[in-house]
Amino acid sequence: MQRRARDEVVRVAGLEKEISRLQKKEAEETAVMERAVQQVEENLVSTTTRAVKAETMVTKLKQEVKTLQSQVKVLTAENEALQSGDKGLSDIRERTKYASQQLAAAAVTAETNLRELMGGVEKLKLLGQVLGSLEKVTDVDSSTTHESPRNSPT
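Residues numbered from 1 in each chain as written. Predicted model: local features only at pLDDT ≥ 70, side-chain atom pairs only at ≥ 80, totals over all residues. Heavy atoms only, no water.

The protein is annotated in an unreviewed UniProt entry as Endosome-associated-trafficking regulator 1 of Littorina saxatilis. The record in UniProt for the protein states the following under Sequence similarities (unreviewed entry): "Belongs to the ENTR1 family." (UniProt positions renumbered as here; feature names shortened; annotations may be inferred.)

Listed below in structure tokens is the structure:
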């Protein structure tokens, strides 16, 4: 009986050590997950800020494109009127033609910038979706871990 009692005491002590080890391991894993979640949250805030800035820039550039397009139309009309009119105004025609070309070039540049910004916005949206998926994967991992602790990969 005494030997059996000692065996049971040894077994209980071993089980207590195992429980303590598992609790420490769980606490470490929880801390790692909390750090990962915090980093994801920080990245999400940063990404959101960049997306807002990009959308603001897109709006400004769209407005600039509209302004430049209207100026191009006005200058084109003036240019056509001057070309069909008096030949003594060749200097004005030259300047108008130059201004028209410059405005057209500025419009093309602004349009290219808008396309690039919109591409960046799409990338930020995709990143947001990936970060959202990370939360789902974390939820699935944690539920799988709680269901079968013996089969966990750790």
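Read on, since the account is not over.
Student: It is not clear to me how the overall build of the protein should be interpreted in this structure. Could you clarify?
Tutor: Looking only at helices and strands, the protein features two helices and zero strands. Across the 154 residues that make up the protein, the buried fraction comes to 14%. In the protein, of all internal contacts separated by at least 6 residues, the share reaching a separation of at least 24 is 74%. (Helix = DSSP H or I, 4+ residues; strand = E, 2+ residues; numbered from the N terminus. Buried < 20%, exposed > 50% of the residue type's maximum accessible area, 1.4 Å probe, protein only. Contact = heavy atoms within 4.5 Å.)

Student: Please clarify how the pattern of salt bridges should be interpreted in this entry.
Tutor: Side chains that differ in charge, positive against negative, can pair when their charged atoms come close. A full pass over the atoms with the stated rule returns four salt bridges. Residue Lys125 is joined to Glu122 by a salt bridge in which the shortest nitrogen-to-oxygen separation is 3.8 Å. With Lys125 and Glu122 both in helix H2 (residues 90–147) and three residues apart, the pair spans about one turn of that helix. Note on Lys125: relative accessible area 46%, which makes it partly exposed. (Salt bridge = Lys/Arg side-chain N within 4 Å of Asp/Glu carboxyl O.)

Student: Hey, could you run me through the environment of Val74 in this one?
Tutor: With respect to the secondary-structure elements, Val74 resides in helix H1 (residues 2–84). C-alpha of Val74 to C-alpha of Ser100: the two residues are 26 residues apart in sequence and 9.0 Å apart in space.

Student: Help me understand H1 in this model?
Tutor: Every α-helical turn comprises 3.6 residues, leaving residues that sit three or four positions apart pointing alike. When the terminal C-alpha atoms of H1 are compared, their 120 Å separation across 83 residues agrees well with the 123 Å that a helix rising 1.5 Å per residue should span. Of the positions making up H1, those classed as buried are Val40, Thr47, Ala51, Ala54, Val58, Leu61, Val65, Leu68, Val72, Leu75, Asn79 and Leu82. (Expected span 1.5 Å × (residues − 1).)

Student: Would you explain the side chain of Thr96 in this entry?
Tutor: Looking at the secondary structure, you find Thr96 in helix H2. If we skip the residues at most four places from it in the chain, Thr96 touches Leu75, Glu78, Asn79 and Leu82.

Student: Looking at this structure, I do not really get the environment of Thr59. What am I missing?
Tutor: By the element assignment, Thr59 lies in helix H1. Overall, Thr59 belongs to the exposed group, its relative accessible area being 53%. Taking the C-alpha atoms as reference points, Thr59 and Leu114, separated by 55 residues in sequence, lie 8.8 Å from one another.

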